Every structure is written in C-alpha cells, then in structure tokens.
Amino acid sequence: MEKDNVMSSLTATILTEMHTENSASLKDQLRRAERMKKLRYGALILPLALFLLLTFVWPIAALLKRSVDNPEIVGAFPVTSSLLHNWNGKALPDEATFVAFADELGKTKGTPPLAAAAKRLNMEQPGFRSVMMHSARAMPPETGTSPKDALIAADSRWGEIATWQFLARNASPYTARYLLASVDRKYDEQGNIVAADEDEAIYVDVLVRTFEMSFVVTVCCLLLGFPLAYMMASQPPKIANVIMIFVLLPFWTSILVRVAAWIVLLQSQGLVNQALMAMGIIHEPLQLVFNRVGVYIAMVHILLPFMILPLYSVMKGISPTYVRAAQSLGCPPLRSFWKVYFPQALPGVGAGGLLVFILCMGYYITPALLGSPKEQMASYFVAFYTNQTINWGMAAALSAILFVATLVLYMVYSKLVGSPDVASKAR
Amino acid sequence: MQVRNLMERMAVTINPDTQHPDSHVTFRSVQKTYDGSTLIVKDLNLDIRRGEFLTLLGPSGSGKTTCLMMLAGFETPTSGEIRVNAQVVNSVPPHKRNIGMVFQNYALFPHMTVRENLRFPLAIRKLSAAEIDKKVEKALDMVQLGAFGSRYPQQLSGGQQQRIALARALVFDPELILMDEPLGALDKQLREHMQLEIKNIHQQLGVTVVFVTHDQSEALTMSDRIAVFNRGVIQQIDSPTALYEKPENNFVASFIGENNALEGVVESVEGDVCGVKLANGTRVKAAMRNPLSEGGKAMLSVRPECVQLNAQSLGCTNRLGGYVKDIIYLGDHIRVRVELAGRKEITVKAPAAQHKTRFDKGDAIHVGINPEHLLALDPSLGA
C-alpha cells in the first residue's frame with residue numbers, strides 16, 4: 001500500500017513535469033504550424049492583394065491626396081515660399097524675400113511652372129495671371145534698381161500687404177481650398193473661411209440633391225422590393241427560383257442599353273405615354289424623361305435587384321413559425337408581422353438600403369442621360385472637372401466628400417447592425 | 001374496466017349532436033384535404049376532456065399535426081366543425097382563440113430577451129405593467145429560469161429554450177395548451193426530464209393539454225389518454241394501460257410497444273375466446289378483441305414479456321415448440337428469438353434471473369402463452 005502511494009505520487013510528478021515541458025514545445029509547434037498556414041494563405045491571396053493595391057488603393061489614395069495638393073506656387077518659387085512661411089504678415093516682407101521672388105520670377109520666366117503658378121493664382125483672384133506675367137517680363141531688374149522697386153514698378157500691387165498675404169497663403173504645399181470649395185466655402189482676403197459667392201455656391205446644393213435622390217431611390221426600392229422578397233421567401237423553392245431569374249434578368253443587359261431603352265419607352269411619343277393615352281388615362285403626353293421622374297424610374301429599375309437580394313437572403317432564414325407563434329399568443333396578423341417578422345428582416349433592410357444608397361451616390365450615367373441639368377449628382381461634377389476643365393483639385397475634393405459621406409454612412413450602419421448584440425439578435 | 005373501455009370507444013363514434021358534458025374541445029366529422037383528392041384527416045370525431053393530458057400519437061403523415069393546427073386555427077377544416085367550450089371556432093382566427101401553443105422549434109422571438117418574449121402575450125392583452133411583471137416572474141419561476149430573464153433565446157441551451165417556450169405558452173393563463181412535438185430536438189436524457197416536468201406543470205395548473213408526438217414512450221409516460229392516428233383516422237383513444245394491454249386493432253398493437261404477430265384462421269368462437277389455427281397447423285386459444293367469425297382470418301398479437309419459456313410455460317393453455325435462434329443478454333432480462341415451426345419467429349423477453357440454467361442457440365424450447373395475453377385481431381382493421 002505504502003509503496004503504491006509512493007509510486008503513484010512519483011508518476012504524478014513525472015507526468016506534471018512532462019506536461020509542462022510538453023506544453024511549452026507544443027505551443028512552439030503550434031505557432032510554427034500556424035505561421036506556415038498563414039504564409040500559405042498569404043501567398044494565395046498575394047496576386048489579388050497586389051492587383052487591388054495597384055488598381056484600387058493606390059489610385060484612390062493618390063486622387064484623395066490631390067484634393068489637398070497645392071504644388072504650383074511651391075514648385076515655381078521654393079525659396080520665396082519658405083521665406084514667406086516665416087513672415088509675420090503685419091508689414092511688407094523684408095528685402096530678402098523681394099530679392100528671392102524677383103530672382104525666381106526671372107528664372108521661371110516663360111517656363112511651364114510659372115504658367116501653372118499664374119493659372120493657380122488666377123483661379124482665386126481673377127486677373128492675377130497678368131500681374132504675374134508682366135511682373136516676370138520685368139525681371140531680372142535692371143542693374144542699380146533694387147528688386148523691390150523693380151517689382152513695385154512692374155505692378156503697384158507688390159507694394160500692398162494683401163498681395164503678399166495672398167501669395168503666402170498659397171505658398172504651402174497643401175491647401176484646403178478645393179475641399180472648402182466643394183462645400184461652398186472659400187478663404188477671404190484675410191484668410192478666414194467664408195461662404196462662397198452666390199454664383200459659385202452650387203456644390204452644397206449638388207450634395208444635398210445627391211443625398212436626396214439617393215434617399216428617394218432607396219425608399220422606392222425598399223417599398224417595391226420588400227413585398228417581392230417576402231413573397232419569394234414564402235414560396236416553395238421551385239417558384240422562388242423562377243422569380244429569382246426575373247429579378248436577375250436586368251443584370252444581363254448593359255446599363256447603357258437599359259438607359260437607352262428607357263429613353264425610347266418614356267419619351268413623349270414613347271410606348272408608355274401612348275399606352276396611357278390610348279387607355280384614356282391622360283390626354284396629353286406626360287414629361288417622363290429628361291427630368292427627375294425619368295431618372296427615378298431608371299435608377300429604381302437598375303438598383304432594385306440590389307435591394308431584393310439581401311432582403312431575400314435574410315427573409316429566407318426567418319421561419320414562418322415566428323409569425324404563427326405571435327398569433328397564437330394573441331397578436332393580430334398585421335401586428336405580428338410588424339412586431340416579430342419585420343425586426344428580424346431589419347438586417348436585410350439595412351444591407352439592401354445601404355447597398356442601394358451607396359450605389360446611388362455614385363451614379364453618373366443614368367442622370368447624365370435621362371435627367372436635365374437639375375438632376376446631375378456629385379459624380380457628374382467629378383467627371384466634369386476631370387474631363388473638361390482638368391481641375392484635378394476640384395474633382396478630387398468632390399470625390400473625397402462623397403467618399404467620406406459613404407464611409408460615415410457605412411460606419412453608422414455597422415454601428416446599428418454590425419454590433420455583436422444586434423447580429424446575435426438577427427440570427 | 002370493460003365498461004369504461006366501452007364508454008370510451010363509444011365516445012369516438014358518438015352521435016354528432018350529443019356532447020360529452022365536460023368536453024373542452026370537440027371535433028365533429030372533421031375532414032381536411034390540401035390537394036382536393038387525398039384526405040389528410042378523414043372524418044375525425046374527438047372529445048377532449050377539460051383538464052386532461054391528451055396525446056395525439058401516430059407515424060408522420062398520419063394527420064395528427066394537421067389536427068392540432070386546425071385546433072390552433074392555422075388550418076381550416078375542409079368540412080365538419082370544431083368546438084371549444086361548445087363554441088364553433090372554425091372561422092375564428094388564431095389570435096382570437098386564446099390557446100397557448102408550444103412549437104416544435106420553440107419559435108422564441110430571437111430579437112427579444114426571454115422576459116420580452118414572455119411579456120409579449122400580456123402586453124397584447126393590455127395588462128397593467130405591474131401585473132405583467134408579476135405574471136412574467138411567476139412563469140419564469142415555474143420553469144426555474146428566473147435568473148435568465150434578460151438573456152436572448154439563442155444564449156440558452158435547448159432545454160432552457162424549451163422551458164421558456166412552455167412558460168410563454170402558459171403565461172397568459174390559457175385553458176388549452178397545444179404542443180407540437182416540443183421535445184423532438186432534445187437529447188434522450190433531457191427529453192425524459194422534460195417529460196416529467198411538463199407532466200408536473202400540467203398537474204399543478206390543471207389546464208387541458210393536447211400533445212402531438214410520434215414517440216410512443218413519450219406518449220405513454222405523459223398522457224392521461226392517447227389518441228393513436230393512422231392515415232387520418234383515430235385508431236384507438238384510450239389510457240396508456242388500455243392501449244398497451246388491450247389494443248383494439250392490429251395497427252395499435254404493432255405501433256405501441258413491441259409486438260409479436262402471428263397469422264391464423266378462426267376455427268371456433270366461444271364468447272370472448274376463439275380457437276385459431278396457425279399457419280403451421282398449431283391450434284391456439286386467444287382472447288377475441290375484434291368481432292371475428294369462424295373461417296375468417298385472424299391476426300394474433302402477443303407482447304414479448306407475456307411469452308413464457310420452458311418451465312414457466314408448463315401451466316399455459318397454449319404451448320408451442322421451437323428452436324432458440326438467438327439470445328441477447330441485457331443484464332436484467334434476456335431477449336430470446338424463438339423460431340416456431342413454419343419459420344415463424346417470435347421474440348420473448350424474460351427476466352434473466354429466472355433462467356439460470358441457460359439454454360443455448362439451437363436448443364429446442366417450449367414457449368407458452370396464456371389466452372388472455374394472446375389477442376385475436378381482425379387484420380383488415382386499422383391497416
């Protein structure tokens with residue numbers, strides 16, 4: 001008996017020791033095995049990661065950077081810029097600044113950097129291009145004249161503090177000008193942020209319109225898509241699959257073709273108007289295209305599947321017994337639907353709504369072809385600035401605002417739906 | 001006993017106009033078809049007594065769940081009428097029937113906490129907040145889950161969800177509770193525990209319970225009465241004891257419990273006892289459960305534990321010879337498969353202690369069956 005006890009305690013000690021030794025090496029082994037696995041998975045997705053980096057992440061980052069980029073002045077007048085950076089702005093800059101500016105103005109005379117800088121300054125103060133150009137022509141100053149006098153002689157504005165403040169403001173490599181402009185704000189002469197002039201203040205309206213149209217389209221999609229998704233979810237799979245084909249049918253044609261088809265259908269002599277008139281519902285053609293109505297019709301049509309699919313996938317997972325249970329507990333059918341079914345379908349409503357809303361915010365071709373100028377959304381102006389005026393700063397700034405709005409929306413959504421508590425509720 | 005059985009049998013085929021005085025629910029000539037050609041429920045007449053625990057038992061597709069759904073109001077009878085408390089409820093929508101229901105997968109609302117789930121039926125009935133809280137806590141205590149009120153259903157185990165579903169069906173004090181295979185998703189041990197718990201709650205509250213299951217041991221454990229369904233017809237409605245010991249037809253005999261079936265031809269009829277000649281030529285006496293006539297076919301039914309072996313079979317009226325085909329030792333009892341003459345096999349369940357002197361596979365053996373345990377049934381009934 002005694003011997004047995006000793007033996008067993010011995011075995012126990014040995015076992016514990018072996019156990020601790022083993023567990024350390026086990027952890028190492030596990031880590032090694034896991035590392036290999038991670039590397040292998042990493043290698044598998046490497047091509048995709050590179051592709052996305054080159055075609056997606058980098059271009060977006062580069063474009064977003066352009067919304068705050070301000071390279072022209074710093075590029076043309078690097079020394080002046082750094083001197084102006086330390087200037088207090090109370091009195092005219094010191095002699096050294098004038099010397100450096102005159103020198104750099106002379107050096108860049110007739111070269112593209114000067115043209116770019118002049119154009120950039122002209123954007124903010126119309127007429128400033130000629131100031132720059134004829135000042136540059138007067139450089140370098142004749143011997144015996146100080147650069148300061150020569151500059152002021154070339155244009156009296158170089159003797160005003162405001163001109164130098166204006167130059168100093170633009171002599172930094174980054175500017176919030178474009179971002180401010182895309183929310184109808186600008187710097188005034190003193191460098192304060194003020195509302196933009198009325199004839200330039202269009203972007204807030206455009207952004208509001210973008211949100212408003214996206215919202216209307218999303219609500220229409222939800223109202224039209226929810227009953228269909230509900231019907232599909234409650235049908236046997238055979239019928240649901242047939243309906244699904246019809247839902248996906250629009251995806252089989254190009255968006256451009258569909259927009260063209262809508263123009264044909266909705267124009268004043270189009271099929272829809274003719275049919276309505278033949279039925280005697282209307283007496284003269286309705287204006288259905290090249291206005292808000294046409295854009296809404298086409299966009300809802302195009303985006304409806306994006307609403308129906310997430311709704312359907314969520315609704316398919318909701319057992320009909322829940323509504324039955326609610327009824328057996330005394331809840332009338334409609335209220336049962338609202339109290340028990342709808343809350344469980346909410347993740348689908350959220351996902352579909354978010355998807356449609358975000359897609360809407362970036363819509364360009366449909367409003368461009370089916371709408372009047374009053375229907376153009378933010379993307380139209382991005383395209384306008386990139387294709388027609390080559391103003392990358394404004395294009396990038398408008399894109400950035402859209403991008404941030406989308407991100408905020410997404411974050412709000414994931415805060416509402418993505419939190420573990422709600423996600424578990426949805427299950 | 002005999003008289004009571006007769007009464008109950010009469011209740012099944014009762015005159016449609018008369019109603020049992022303490023009937024809670026009555027089905028009269030109820031039929032249900034989904035496709036217009038096959039009847040899922042054929043001419044159902046059923047009286048459910050106030051306060052009883054009635055189980056609808058049957059194989060899948062026998063119409064028992066349809067019957068329950070018609071009572072709950074989710075299906076409407078194609079013809080016939082259903083009365084609850086003597087009121088015809090055929091066209092009353094489910095939410096106005098005030099019937100508690102426990103569903104197969106519990107159907108607890110996943111977006112509500114346990115407490116909100118229980119509050120749901122009370123809030124609809126516009127009870128005062130204080131009353132709601134009181135009833136909810138009482139119901140939670142009844143199922144011993146008072147501490148789980150603020151959890152979500154999916155944070156509970158299957159058995160706990162089951163209990164909450166039960167509490168939710170009871171919290172608004174319905175007089176009638178329907179349960180649609182509520183224990184199907186639980187493992188065996190938990191199921192047996194829940195069977196007793198449901199039975200206890202039934203006894204405490206005195207509500208009428210209609211319970212649907214295809215598990216016969218569950219039905220035997222819990223029920224006051226069991227209605228055995230097959231092909232849309234109630235085969236027999238009786239207490240568990242009566243169903244097991246006195247099955248009314250071949251289907252009930254083979255569906256409930258283990259059963260040995262032997263075919264034969266009726267040779268003589270004397271009162272309740274008839275003489276039957278088996279296919280292998282042996283003559284036996286059997287208790288007649290269905291009216292049989294001389295020369296007609298009979299299906300003999302005997303439970304494995306009512307067959308005696310060797311020494312124990314000496315006093316039995318019917319003695320048959322055979323060979324031991326197989327012996328399975330199960331500790332407390334042994335199961336012996338005996339091949340009778342004519343290649344007919346019967347299974348015998350005997351206490352292991354009685355058979356110390358073992359017999360081996362291939363040994364000749366005598367089996368004895370007393371006539372009261374050998375039931376002669378009409379093979380054409382209940383098929």
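Predicted, not measured: the structure shown is a model, and the values here were computed from it.

Cut-offs used in this document
Residues numbered from 1 in each chain as written. Chains lettered and ligands numbered in written order. Predicted model: local features only at pLDDT ≥ 70, side-chain atom pairs only at ≥ 80, totals over all residues. Heavy atoms only, no water. Domains from an automatic or database assignment. Contact = heavy atoms within 4.5 Å. Buried area = accessible area lost by both parts, 1.4 Å probe. Polar contact = N/O pair within 3.5 Å; in protein donor to acceptor, adjacent residues only side chain to side chain. Helix = DSSP H or I, 4+ residues; strand = E, 2+ residues; numbered from the N terminus. Phe/Tyr/Trp six-rings, centres within 6.5 Å; stacked < 30°, edge-to-face > 60°. Buried < 20%, exposed > 50% of the residue type's maximum accessible area, 1.4 Å probe, protein only. Lys NZ or Arg CZ within 6 Å of the ring centre and 35° of its normal. Pairing = 2+ DSSP bridges. Axes fitted to C-alpha atoms, helices over the stretch in contact; angles between N-to-C directions. Salt bridge = Lys/Arg side-chain N within 4 Å of Asp/Glu carboxyl O. Parallel < 35°, antiparallel > 145°, perpendicular 65-115°, else oblique. Left-handed = near helix turned anticlockwise from the far one by under 90°. Nonpolar A, V, L, I, M, F, W, Y, C, P; charged D, E, K, R; others polar. Expected span 1.5 Å × (residues − 1). pLDDT = per-residue confidence, 0-100.

Enquirer: An account of the domain arrangement of chain B is requested, with residue identities and associated values reported.
Expert: Residue and element names in this part refer to chain B. Here chain B is described as being made up of domain 1 (2-251) and domain 2 (252-377). Of note, the centres of domain 1 and domain 2, computed from C-alpha atoms alone, are 37 Å apart. Residue-level contacts link 18 residues of domain 1 with 13 residues of domain 2. A buried area of about 1500 Å², summed over both sides, lies between domain 1 and domain 2, and 56% of it is on carbon and sulfur atoms. The largest share of the area that domain 1 buries against domain 2 comes from Y244, P247 and N250, three residues that together contribute 40% of it. Summed over the shared surface of domain 1 and domain 2, the number is 15 residue pairs in polar contact (both at pLDDT 80 or more). Put simply, the parts of the chain that give the side of domain 1 that touches domain 2 at least two residues each are α7 (216-222), β10 (233-238), α8 (240-245) and α9 (250-255).

Enquirer: I'd love a proper account of the packing of aromatic side chains, names of residues and values included.
Expert: A complete count under the given rule lists 24 aromatic pairs over all chains for this structure. Ring geometry for Y380 of chain A and F381 of chain A: centres 5.3 Å apart, planes at 85°, overall edge-to-face. Exposure remark for Y380 of chain A: the relative accessible area of 30% places this residue in the partly exposed category. Classification of F381 of chain A as buried rests on a relative accessible area of 13%. Among the aromatic residues, those joined into a ring-pair cluster are F77, F98, F101, F128, W158, W164 and F166 of chain A. Looking at R66 of chain A, its charged tip hangs above the ring of W392 of chain A, at a distance of 5.1 Å from the centre. Lying over the aromatic face of Y244 of chain B, R303 of chain B brings its terminal NZ or CZ to 4.0 Å of the ring centre.

Enquirer: How would you summarise the sheet that holds strand β20 (residues 375-377) of chain B if you had to cite specific residues and measurements?
Expert: Residues and elements named next belong to chain B. Spatially, the five strands close up into a barrel ordered β11-β12-β13-β20-β14, and their pairing is mixed. Each adjacent strand pair in this sheet contributes to an overall mean axis angle of 55°, direction not counted. Looking at chain direction, strand β13 (residues 283-288) and β20 are connected through two bridges and run parallel. When the bridges of β20 are listed, A287 appears paired with L375.

Enquirer: Can you explain the interface of chain A and chain B? Please cite residues and give values.
Expert: A common way to state how big an interface is: give the accessible area lost once the parts meet. Across the boundary between the two partners, chain A contributes 21 residues, which contact 22 residues of chain B. Carbon and sulfur atoms supply 66% of the area that chain A and chain B bury against each other, a total of about 2000 Å² over both sides. In this assembly, chain A and chain B are joined by one salt bridge. For R324 of chain A, the salt bridge goes to E75 of chain B, with nearest N and O atoms at 3.9 Å. Only α15 (321-328), α16 (333-361) and α20 (420-426) of chain A provide two or more residues apiece to the side of chain A that touches chain B. Looking at the side of chain A that touches chain B element by element, the count peaks at seven residues for α15 of chain A.

Enquirer: Please give an account of the packing of helix α18 (residues 378-387) of chain A against helix α19 (residues 392-417) of chain A that cites residues and values.
Expert: All names here are of chain A. The interhelical angle for the contact between α18 and α19, taken along N-to-C directions, is 160°, at an axis separation of 8 Å. The orientation of α18 with respect to α19, classified from their angle, is roughly antiparallel. Here α18 runs over α19; the crossing is left-handed. Note on element contacts: α19 touches α18 through W392, M394, A395, L398, S399 and L402, opposite A378, S379, F381, V382, Y385 and T386. Across the contact of α18 with α19, the residue classes tally to nine nonpolar, three polar and no charged.

Enquirer: Describe the sheet that holds strand β4 (residues 79-84) of chain B, and please don't skip the residues or the numbers.
Expert: All names here are of chain B. One open sheet holds the four strands; their spatial order is β2-β1-β4-β5, and the pairing between them is antiparallel. The strands lining the two open edges of the sheet, one partner per strand, are β2 (39-49) and β5 (87-88). Contacts from helix α2 (residues 64-72) reach β1 (23-33), β2 and β4, with the element oriented near 120° to β1.

Enquirer: Break down the environment of L122 of chain B for me, with residues and values.
Expert: Residues and elements named next belong to chain B. The topology assignment puts L122 in helix α3 (residues 114-124). A relative accessible area of 1% means that L122 is categorised as buried. The sequence separation of L122 and V136 amounts to 14 residues, and the corresponding C-alpha distance is 8.7 Å.

Enquirer: Quick one: what's the story with helix α6 (residues 188-205) of chain B, residue by residue and with numbers?
Expert: Residues and elements named next belong to chain B. For α6, built from 18 residues, the straight-helix expectation of 26 Å at 1.5 Å per residue is met to within 8% by its first-to-last C-alpha distance of 26 Å. Along α6, the residues that are buried comprise M194, Q195, E197, I198, I201 and H202. On its buried face, α6 is in contact with β3 (53-57), α4 (129-142), α5 (158-170), β7 (176-180), β8 (208-213) and α7. Residue G206 follows α6 closely and has a positive phi angle near 70°.

Enquirer: I'd like a rundown of the confidence of the model for chain B, residues and numbers included.
Expert: For any part of a model where pLDDT is low, the fine detail of the predicted coordinates should not be relied upon. On average, residues of chain B score 86 in pLDDT, and 93% of them are at 70 or above. Confidence metrics for the complex model read pTM 0.77 and ipTM 0.80.

Enquirer: Now, about the pairing of strand β19 (residues 364-369) of chain B: what can you tell me, with residues and values included?
Expert: As paired strands, strand β15 (residues 308-309) of chain B and β19 of chain B are joined by two bridges and run antiparallel to one another. The residue bridging L309 of chain B from the neighbouring strand is V367 of chain B, located in β19 of chain B.

Enquirer: Quick rundown of the pattern of salt bridges? Include the residues and the values.
Expert: Residues and elements named next belong to chain B. In this structure the tally under the stated criterion is 31 salt bridges over all chains. Here E175 makes a salt bridge to R50, at a shortest N to O gap of 3.9 Å. Taken together, the positions of E175 in the loop between α5 and β7 and R50 in the loop between β2 and β3 put the pair 125 residues apart, joining distant regions of the chain. In this structure, R83 engages E81 in a salt bridge whose closest nitrogen and oxygen atoms are separated by 2.7 Å. The class of R83 is partly exposed, set by a relative accessible area of 26%. According to the relative accessible area criterion, E81 is partly exposed, its value standing at 25%. What you see here is one network of salt bridges that share partners, running through K325, D326, R337, E339 and E345.

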